[in-house]
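Structure assessment
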Amino acid sequence: MNVIEIKNLTKMYGKARGIEDVSFSVEEGEIFGFIGPNGAGKSTTIRTLLSLIYPTSGSATIFGKDIITAAPEIKKEIGYLPSEVFYYDNMKVMDLLKYSASFYKKDCTKRIRELADIMELDLTKKIDDLSLGNKKKVGIVQGLLHEPKLIILDEPTSGLDPLMQQKFFDLLEKENKKGATILFSSHILSEVQRLCDRVAIIKDGRIVTVEKISTLKENTYKKFKIETNSTIEKDLFKLDGVNQLEQDGSTISFLFRGNINAIMRKIAEIEIANLWIEEPNLEEIFMHYYEKEE
Amino acid sequence: MNMFLHELKAYRKSTLIWTVSLVAMVVLFLSMFPSFSKDAEEFKTLLEGFPAELRKAIGLSVDSIATLLGFFSYSFLYLKLAGAIQAMNLGTSILSKESREKTADFLLTKPVTRTQIVTSKLMAALVSLIFTNLVFIAATFVMASLVAGDEFNKEALFLIALSLFMIQLMFLALGILVSVIFPRIKSVISVSLGTVFGFFMLGMISSTTDDKALRYLTPFNYFDSAHITENLSYENSFLLTVVLFIIAAILASYYFYTKKDVHSV
């Protein structure tokens, strides 16, 4: 069953593009990544799903119900964490969370304490006095306290230190195991790769592709940079799947796509001083998808 | 109900401050009445020296100024001004504060309709204003009996004092409408002060010209104290205008707010 189904969704801001003809669906129980550079339309799509803004054309359903007409009903089961969290400054953390819980007709006090424990959040502080990272934690607890069936995250990791990020991801994975579907928007490929099963890539308001992370990984380049002790013949690396082979003194760099073992065997044959293997950044992945389109 | 209580709490402090200020004003004005009425004849001669236009503009009526109702009506002009600012502030900020304080994402992703949000906020504003007016009217009556004993028409005083509430309702409705139509209000106080003072000046001008049509544009002149004192009622046509305006503004606010795109910060 599809938890989210988006059909030809278009949102224009006057004449400016928001998103155009976006269609994809998120299955129940999956962690779905939504990735693209800033301004590509990730937030526009998410805000439309939450009926914070209204589509120009097209439609979408969540839990099989229309996002506009059934909005309040749908939102009972949605937990949302915006990229920037802002709350009523003069409230205490606990009061804010209780206010948030009061919208859902169940007792969430125990769950609030549990989550606050995991995220190491002080419930007695005033929101005003919290740092950016701590405000983010309030957002996380606030988004999860009613045990939603669908968790929508819009660039959720900004402001969290790596340790907290780890805890947060663990938390998400636990929620997912309990049955929650997660829509995870980000411009950081590595976090999406870590968590998600499938991913939609958006660029300039349009969906470029929807793929399994595993397929995406196979299809994307890795960047190799090899420093050798002695100058070697660069043709050594002229293999299938190698691109942009360049040599600069004792360093050789190239992009590679394919079975990584082949390259590793080649590298093992020579004496190397240093080796870098990098994931391509997002821009490079887009380049890859653009090349494929042309 | 949770939203209503939350909003009520959020406006508790400002409602208390406005209420105390209004009460302080009415206490101050009415406490001057005994010394004023003692030397009424001298004051009258003095006031007659003012140009008639000025007297009209600031709501001075020489004939009635020496009576409690006349004196109260005169000071009431400034009470109306303060009350209108309170109501306009409340109306302008109650919906727009969510986007200004960037809490709209929080509230609008909760399982509530936008209509419910407007209703809760409207009710909270209404209760705040009712509280202010109850205290204000009580203070007015206590002060009036202290300075004038029993020698005034209680019904007329009540109707005049109650017209503060009518004017506040109008400015509340206007404020809400303004806040949903204009996409982003950076400073509530400049919008509300500007609007209220604009109407106040218009009211002064309209008082001097006796232009019938112009009076419909000046909420401050809708409830004429002289008319109330004489007839013990409001003028129907203006009462109707108030009611129609409030209904129209509130309905339009609901409409615009439910249709509006709520943009991220």
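Here the structure is shown first, and the text comes after it.
Residues numbered from 1 in each chain as written. Chains lettered and ligands numbered in written order. Predicted model: local features only at pLDDT ≥ 70, side-chain atom pairs only at ≥ 80, totals over all residues. Heavy atoms only, no water.

Concerning a negative patch on the surface
So the rule is basically this: Only residues above 30% relative accessible area that lack a salt bridge enter a patch, with like-charged residues linked at up to 9 Å and the nonpolar side chains Val, Leu, Ile, Met, Phe, Trp and Tyr linked at up to 5 Å. Method for areas: the Shrake-Rupley scheme with a 1.4 Å probe, in which residue coverage is limited to the protein chains shown. Think of a salt bridge as a Lys or Arg side-chain nitrogen and an Asp or Glu carboxyl oxygen that are within 4 Å of each other. Note on charges: Lys and Arg go in the positive column, Asp and Glu in the negative column, and His and the chain ends are not counted at all. In plain terms, the charge of a residue is placed at NZ if it is Lys, CZ if Arg, CG if Asp and CD if Glu. By definition, any uninterrupted DSSP run of H or I lasting at least four residues is a helix, any uninterrupted run of E lasting at least two residues is a strand, and each is numbered from the N terminus.
Taken together, the side chains of Asp-89, Asp-128 and Asp-129 of chain A together with Glu-101 of chain B define an acidic patch exposed on the protein surface. One can find Asp-128 of chain A in the loop between helix H4 (109–119) and helix H5 (132–144).

Looking at the side chain of Thr-10 of chain A
Residue and element names in this part refer to chain A. Which entries qualify depends on this criterion: Only protein chains enter the accessibility calculation, which uses a 1.4 Å probe; a residue is then buried when its area is under 20% of its type maximum, exposed when over 50%, and partly exposed in between. Here, two residues are considered to be in contact whenever any of their heavy atoms come within 4.5 Å of each other.
You can see Thr-10 is positioned in strand S1 (residues 2–13). Residue classification places Thr-10 among the buried residues on the basis of a relative accessible area of 13%. The contacts of Thr-10, once residues within four sequence positions are left out, are Ile-19, Glu-20, Asp-21, Pro-55, Thr-56 and Ser-57.

Some words on the interface of chain B and chain A
Under the convention used in this document: Here the quantity called buried area is the total loss of accessible area, with a 1.4 Å probe, experienced by two parts when brought into contact, counted for both. As used in this structure description, the phrase polar contact means that two N or O atoms lie within 3.5 Å; if the pair is within protein, one of them must be able to donate a hydrogen and the other to accept it, and residues adjacent in sequence are counted only when both atoms belong to side chains.
Listed by partner, the interface residues are 26 residues for chain B and 25 residues for chain A. Of all residues in chain B, Phe-106, Thr-109 and Pro-111 of chain B give up the largest surface area on contact with chain A, accounting jointly for 27% of the area buried on that side. Our count for the chain B to chain A interface comes out at 15 residue pairs in polar contact (both at pLDDT 80 or more). Considering every element that reaches the side of chain B that touches chain A, the biggest residue donor is helix H7 (residues 104–108) of chain B, with five residues.

What to know about the environment of Ser-23 of chain A
Residues and elements named next belong to chain A. Note that Ser-23 resides in strand S2 (residues 16–27). Classification of Ser-23 as partly exposed rests on a relative accessible area of 33%. Excluding its chain neighbours within four sequence positions, the residues that come into contact with Ser-23 are Ile-6, Lys-7, Asn-8 and Ile-207. Of note is the side chain of Ser-23, whose polar atom sits 2.7 Å from the backbone nitrogen of Asn-8.

Digging into the environment of Phe-152 of chain B
Residue and element names in this part refer to chain B. As for its position among the elements, Phe-152 is in the loop between helix H8 (114–148) and helix H9 (154–181). In this structure the C-alpha to C-alpha distance between Phe-152 and Leu-69, which are 83 residues apart in sequence, comes to 7.1 Å. Ignoring any residue separated from it by four or fewer positions in sequence, one finds Phe-152 in contact with Leu-68, Phe-141, Ala-144, Ser-145 and Leu-157.

As for the packing of aromatic side chains
Inclusion rule: Under the pairing criterion, centres of Phe, Tyr and Trp rings, with the six-membered ring standing for Trp, must be within 6.5 Å; the plane angle then separates stacked pairs below 30 degrees from edge-to-face pairs above 60, leaving the rest tilted. We call a charge positioned above a ring when the Lys NZ or Arg CZ atom is no farther than 6 Å from the ring centre and deviates by at most 35 degrees from the ring normal.
Going through the model one piece at a time under the given rule, you end up with 25 aromatic pairs over all chains. Ring plane angle 40° and centroid distance 5.6 Å describe the contact between Phe-171 of chain B and Phe-220 of chain B, whose orientation is recorded as tilted. With Phe-171 of chain B in helix H9 and Phe-220 of chain B in the loop between helix H11 (212–215) and helix H12 (225–231), this residue pair connects regions lying 49 residues apart in the sequence. The pair formed by Phe-171 of chain B and Phe-220 of chain B is uniform in burial state, with each residue classed as buried. An angle of 50° between the planes, with centres 5.1 Å apart, marks the rings of Tyr-222 of chain B and Phe-238 of chain B as tilted. Within this pair, whereas Tyr-222 of chain B is found in the loop between H11 and H12, its partner Phe-238 of chain B is found in helix H13 (residues 236–259), the two being separated by 16 residues in sequence. Residues Tyr-222 of chain B and Phe-238 of chain B agree in their burial class; the two are buried. Each residue in the set Tyr-87, Tyr-88, Tyr-99 and Phe-103 of chain A together with Phe-106 of chain B is aromatic and connected to the rest through ring pairs, giving one cluster. One Lys or Arg, Lys-110 of chain B, reaches over the ring of Phe-106 of chain B and ends 4.2 Å from the middle of that ring. One Lys or Arg, Lys-154 of chain B, reaches over the ring of Phe-152 of chain B and ends 5.2 Å from the middle of that ring.

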